[in-house]
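Here is how the chains run, residue by residue.
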Amino acid sequence: MTAGVAPRTSGDGWTYCAQGHKHWGIHGAAGLLARHRDPAGAEWVLLQHRASWSHHGGTWGIPGGARDLGESAEDAARREVSEESDLEVVGIDAAGEFVDDHGGWTYTTVALWLPVMPPVAVRGAESVEFAWTPVAGLGDVPLHPGFAASWPAVRGVGLAG
Ligand SMILES: [Zn+2]
């Protein structure tokens with residue numbers, strides 16, 4: 001008997017929540033909210049411009065995707081951001097999570113703070129670009145409807161109390 005690493009069991013696929021929405025990720029989904037506070041005190045978040053062919057294509061949200069079977073939300077968020085961008089978050093602890101529970105389906109936002117705002121390049125085909133965006137200007141951005149709906153709650157995640 002050998003102890004091995006369990007194969008990855010993908011959560012890729014569409015499902016419906018109790019509210020009747022169609023969602024990507026049969027085991028739920030997770031995304032990474034990368035935050036930064038500049039020397040003047042203004043807050044910034046890293047937004048992903050989603051490819052036009054994707055669900056709610058053309059809108060701006062946060063990098064993320066389907067959780068694998070048994071995968072924690074934080075692990076999924078870190079995996080997805082590394083698949084979709086070159087942002088380096090190894091060694092940066094998560095500051096908090098917000099679980100948006102739709103009934104039978106959840107989206108977990110994992111927040112962490114970066115000390116700087118590095119340029120972020122796209123990996124893969126799901127994104128057009130990444131942009132650091134001032135929180136004060138989010139109202140002017142065509143946001144992904146899920147991100148927009150959760151933002152009032154997500155905004156407080158990982159803020160120092
Ligand atoms: Zn839903």
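- As recorded by an unreviewed UniProt entry, the protein chain carries the name NUDIX domain-containing protein and is attributed to Pseudonocardia benzenivorans.
- Recorded in UniProt under Cofactor (unreviewed entry), the annotation for the protein chain is "Mg(2+)".

## Some words on the overall build of the protein chain
So, point 1. Check the secondary structure of the protein chain and you find 2 helices and 9 strands.
So, point 2. From first element to last, N terminus to C terminus, the protein chain shows the α and β order β-β-β-β-β-β-α-β-β-β-α.
So, point 3. Its C-alpha atoms give the protein chain a radius of gyration of 16 Å, within 12% of the compact-globule value 15 Å for 161 residues.
So, point 4. Projected onto the principal axes, the alpha-carbon positions of the protein chain cover approximately 55 × 40 × 35 Å.
So, point 5. Evaluated residue by residue, the protein chain yields a buried proportion of 45% over its 161 residues.
So, point 6. Within the protein chain, residue pairs in contact and separated by at least 24 positions form 65% of the contacts whose partners lie at least 6 positions apart.
So, point 7. Summed over all atoms, the accessible surface of the protein chain reaches about 8,300 Å², with 57% contributed by carbon and sulfur.
So, point 8. Of the side-chain charges in the protein chain, 10 are positive and 19 negative, and the distance between the mean point of each set is 2 Å.

## Examining the coordination of the zinc ion
So, point 1. Only Cys17 (SG), His21 (ND1), His23 (NE2) and His102 (ND1) from the protein reach the zinc ion as donors, at distances of 1.9 to 2.2 Å.
So, point 2. One can describe the site at the zinc ion as tetrahedral: its 4 donor atoms subtend angles covering 100 to 132 degrees at the metal.
So, point 3. Linear spacing of the donor residues for the zinc ion on their chain is C-x3-H-x1-H-x78-H. For the pair Cys17 and His23, a shared accessibility class is recorded, and that class is buried.

## Focus: the environment of Gly57
So, point 1. Take Gly57: it is sitting in the loop between strand E4 (43-50) and strand E5 (60-61).
So, point 2. Separated by 70 residues in sequence, Gly57 and Ser127 have C-alpha atoms that sit 9.2 Å apart.
So, point 3. Residues within four places of Gly57 in sequence aside, it is in contact with Arg50, Ala51 and Ser52.

## Topic: the packing of aromatic side chains
So, point 1. Taken as a whole, this structure holds 3 aromatic pairs when the rule is applied.
So, point 2. Where Trp105 meets Tyr107, the ring centres are 6.3 Å apart and the plane angle is 40 degrees; that geometry is what we call tilted.
So, point 3. The buried category is assigned to Trp105, whose relative accessible area is 7%.
So, point 4. Note on Phe147 and Trp151: the rings are 5.7 Å apart at their centroids and 45 degrees apart in plane angle, and the pair reads as tilted. A residue pair is termed a helical-turn pair when its members lie 3 or 4 positions apart in one helix, as Phe147 and Trp151 do in helix H2 (residues 145-154) at 4 residues.
So, point 5. Taking relative accessible area as the criterion, Trp151 reaches 10% and is therefore assigned buried.
So, point 6. Stacked on the ring of Trp14, the Lys or Arg Lys22 has its end atom at 4.6 Å from the ring centre.

## Here we look at the pairing of strand E7 (residues 96-101)
Within a regular strand, side chains alternate between the sheet's two faces.
So, point 1. Of the strand pairs in this sheet, E7 and strand E8 (residues 106-113) are connected by 6 bridges, and their pairing is antiparallel. Bridging across to E8, Asp100 finds its partner in Tyr107.

## Digging into the UniProt feature "domain: Nudix hydrolase" (unreviewed entry) in the protein chain
So, point 1. UniProt's entry tags residues 25-156 with the feature "domain: Nudix hydrolase" (unreviewed entry), counted in the numbering of this structure.
So, point 2. From the first C-alpha to the last, residues 25-156 spans 25 Å; its make-up is 17% helix and 33% strand.

Criteria and thresholds
- Residues numbered from 1 in each chain as written.
- Predicted model: local features only at pLDDT ≥ 70, side-chain atom pairs only at ≥ 80, totals over all residues.
- Heavy atoms only, no water.
- UniProt positions renumbered as here; feature names shortened; annotations may be inferred.
- Helix = DSSP H or I, 4+ residues; strand = E, 2+ residues; numbered from the N terminus.
- Rg over C-alpha atoms; globule rule 2.2 N^0.38 Å.
- Buried < 20%, exposed > 50% of the residue type's maximum accessible area, 1.4 Å probe, protein only.
- Contact = heavy atoms within 4.5 Å.
- Areas by Shrake-Rupley, 256 points an atom, 1.4 Å probe, with all protein chains shown as cover.
- Lys, Arg positive; Asp, Glu negative; His and termini not counted.
- Charge placed at Lys NZ, Arg CZ, Asp CG, Glu CD.
- Donors = N, O, S within 2.8 Å, 3.2 Å for Na, K, Ca; no water.
- Tetrahedral: all angles 85-135°; square planar, octahedral: opposite > 155°, others 65-115°.
- Phe/Tyr/Trp six-rings, centres within 6.5 Å; stacked < 30°, edge-to-face > 60°.
- Lys NZ or Arg CZ within 6 Å of the ring centre and 35° of its normal.
- Pairing = 2+ DSSP bridges.

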